[in-house]
Amino acid sequence: MTEISHPVGVGVWGLGRHACRKILPALAMCPNTTLVGVTTRDDQVAFREAERYNCRYWATPQDMFGEEDVDAVYVATPTGLHHAHGMEVLKAGKHLWSEKALTDSLSQAQELVRESYERDLGLCEGLMYLYHPQFSFIVDAVTQPSFGRILSINCQFGLPPLGEPGFRFDRELGGGALLDVAPYPVSAAHRLLGTDLELVNSVLFEPRGFGVDTHGFALLSREDGACAFLEWGYNRAYKNEISVWGENGSLYSDFIFSKPTDHQSRVSVRDQHGEVRYEDIEPANSFCRMFCAFSKTLSDKEGRDHLREEAELQAEYLERLRRGR
């Protein structure tokens, strides 16, 4: 693939609240990307955002695909549409940057991965917290010899009732807490404990009248006895935290998966005897940092391969949790 020396031209497909509040500002801010334009079914929203960012509005995705200065497309449509939309992006010769979850099934995720390999195009899943210095600090801390072997990880991510839930309670559009909230603790578990985790048990709850799963939990383990307890859900007091227990130390931090861009994170690190020290992490825009990382893969085959593998692995874990095995 020819190295792209200029900022990556990005088109955004789908303009829900999340895309308007987080994705568009980050793409406009990132020095490695140029927000070329947007496309969505809601003309009023599209015109408003195109004017705000001085970018183009395309009436159809096909119009966007025809633009030579669009190198990548960020798919921010509902999860249940990601497979069809992602396949259109790849077949149009554009790099696919997708909102999590990549798709609503493992088989569909594997199809997108195969297509991206065959066309030598990037496929990146948008788990922004992985690029925040808070998570980088945690990874570095727990991999130090002084921390010792990781014994367990505990992650919880829960959301209170949402005023505008969007497609979250629509099964046909890929709604449900498993695909919406669980990807965060699941990705943290395999990033910190490795890719050889076995599922001990998982339970998804689908209360009567909701039509989708609203919460769940899972226990995963590694051959050496290390384990991860993950819990996620809707309609509960907000919780967004991680703790890691090691042989010689432990750490805890909250607002790990989602946080305002001006939030100063804090990580508490304890030694073997429980003595604590606090590490303050400077605020950062995790979306902007994520897009900078995505842009580098356009000229980095190893980087493209890594993010494809990560996306497929994530889909495998979510499928295991869904099946309970």
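In this text the structure is predicted, and so the values were computed from the model without any measurement.

Take the pattern of salt bridges next. Scanning the model with the defined rule gives 20 salt bridges in all. Among the salt bridges present, the one from Asp224 reaches Arg149, with a minimum N-O distance of 3.6 Å. Here the residue Asp224 occupies a position in the loop between strand E9 (215-221) and strand E10 (227-233), and Arg149 occupies one in the loop between helix H6 (133-142) and strand E7 (150-158), the gap between them amounting to 75 residues. Residue classification places Asp224 among the partly exposed residues on the basis of a relative accessible area of 37%. Note that Asp180 is salt-bridged to Arg168, the shortest N-O span being 2.6 Å. Here Arg168 lies in the loop between E7 and helix H7 (177-180) and Asp180 lies in helix H7, a separation of twelve residues in the sequence. Linked by salt bridges that have partners in common, Arg149, Arg222, Asp224 and Glu247 make up one network.

All told, the structure shown has 19 aromatic pairs when counted by the stated rule. Here Tyr129 and Phe257 contribute two aromatic rings whose centre-to-centre distance is 5.0 Å and whose plane-to-plane angle is 85 degrees, an arrangement assigned as edge-to-face. Of this pair, Tyr129 sits in the loop between strand E6 (123-126) and H6 while Phe257 sits in the loop between strand E12 (249-254) and strand E13 (265-271), and the two are 128 residues apart along the sequence. On the numbers, 6.3 Å between centres and 75 degrees between planes, the contact of Phe291 with Phe294 is edge-to-face. Here the residue Phe291 and the residue Phe294 both occupy positions in helix H9 (residues 286-296), the gap between them amounting to three residues, near one helical turn. Grouping residues by exposure puts Phe291 and Phe294 together as buried. Members of the aromatic cluster, joined through ring pairs, are Tyr129, Phe135, Phe157, Tyr184, Tyr238, Phe255 and Phe257. Here Arg308 stacks its cationic end above the ring of Tyr117, 4.2 Å away from the centre of that ring. Sitting above the plane of the Tyr317 ring, Arg320 keeps its charged end 4.7 Å from the centroid.

Turning our attention to the sheet that holds strand E2 (residues 33-39). In a beta sheet, neighbouring strands are held together by backbone hydrogen bonds and run either parallel or antiparallel to one another. The six strands lie next to each other as E3-E2-E1-E4-E5-E6, forming an open sheet whose pairing is parallel. At either margin of the open sheet sits one strand with a lone partner, and together these are strand E3 (56-57) and E6. Where E2 and E3 come together, two bridges link them in parallel fashion. Looking at the pairing, Gly37 lines up with Arg56 of E3. Its contacts with the sheet place helix H4 (residues 82-91) against strand E1 (8-13), strand E4 (72-75) and strand E5 (95-99), and it is angled at close to 160 degrees to E5.

On to the sheet that holds E7, then. In spatial order, the strands read E8-E9-E10-E7-E11-E12-E13-E14; together these eight strands make up an open sheet with mixed pairing. Both edges of this open sheet fall to strand E8 (198-205) and strand E14 (276-281), since each of them pairs with a single strand only. The sheet shows a mean angle of 10 degrees between the axes of neighbouring strands, taken without regard to direction. Pairing of E8 with E9, which is carried by seven bridges, proceeds in the antiparallel orientation. Paired with Glu198 across the strands is Ser221, a residue of E9. The sheet contacts of helix H8 (residues 183-193) involve E7, E10 and strand E11 (239-246), and relative to E7 the element is tilted by about 165 degrees. Across the sheet, helix H10 (residues 301-323) lies against E8, E9 and E10, angled at about 65 degrees from E8, the strand it touches most.

Moving on, we get to the pairing of E1. Consecutive residues of a regular strand have side chains that alternate between opposite faces of the sheet. Buried residues dominate E1, accounting for six of its six residues. Taking every second residue as pointing to the same face, both faces of E1 are buried, with Val8, Val10 and Val12 on one and Gly9, Gly11 and Trp13 on the other. Strand direction decides the pairing type here: E1 and E2, joined by six bridges, are parallel. Residue pairing across strands places Val12 opposite Val38, the latter belonging to E2.

Before going further, it helps to spend a moment on helix H1 (residues 17-29). Taking 1.5 Å of rise per residue, the 13 residues of H1 would be expected to cover 18 Å, and the 18 Å separating its terminal C-alpha atoms lies within 8% of that figure. Roughly 30 degrees is the biggest bend found in H1, and it falls at Ile23, with proline Pro25 one to four residues downstream. Of the residues making up H1, those classed as buried are Ala19, Cys20, Ile23, Leu24, Ala26 and Leu27. Residues of H1 that are buried make contact with E1, E2, helix H2 (43-52), E4, E5 and H9.

Bringing unusual backbone geometry into the picture now. Here the amide bond leading from Lys100 into Ala101 is cis, since omega sits at -15 degrees, within 30 degrees of zero. The residue Ala101 is located in the loop between E5 and helix H5 (106-118) in this model. Even without glycine at this site, Phe255 takes up a positive phi of about 50 degrees. Structurally, the position occupied by Phe255 is in the loop between E12 and E13.

Another aspect to go through is the pairing of E4. Of the two faces of E4, the one lined by Ala72 and Tyr74 and the one lined by Val73 and Val75 are each fully buried. Where E1 lies against E4, four bridges are found, and the strand directions are parallel. By the bridge assignment, Trp13 is partnered in E4 with Val75. As judged from the four bridges shared by E4 and E5, these two strands associate in the parallel manner. Its bridge partner lying in E5, Val75 is registered against Ser98. For the handedness criterion, the β-α-β arrangement of E4, H4 and E5 is classed as right-handed.

Conventions used here
- Residues numbered from 1 in each chain as written.
- Predicted model: local features only at pLDDT ≥ 70, side-chain atom pairs only at ≥ 80, totals over all residues.
- Heavy atoms only, no water.
- Salt bridge = Lys/Arg side-chain N within 4 Å of Asp/Glu carboxyl O.
- Helix = DSSP H or I, 4+ residues; strand = E, 2+ residues; numbered from the N terminus.
- Buried < 20%, exposed > 50% of the residue type's maximum accessible area, 1.4 Å probe, protein only.
- Phe/Tyr/Trp six-rings, centres within 6.5 Å; stacked < 30°, edge-to-face > 60°.
- Lys NZ or Arg CZ within 6 Å of the ring centre and 35° of its normal.
- Pairing = 2+ DSSP bridges.
- Contact = heavy atoms within 4.5 Å.
- Axes fitted to C-alpha atoms, helices over the stretch in contact; angles between N-to-C directions.
- Expected span 1.5 Å × (residues − 1).
- Bend = angle between axes of the 7 residues up to and from the residue.
- Right-handed = clockwise from strand over helix to strand, strands pointing away.

Geometry only, nothing functional implied.
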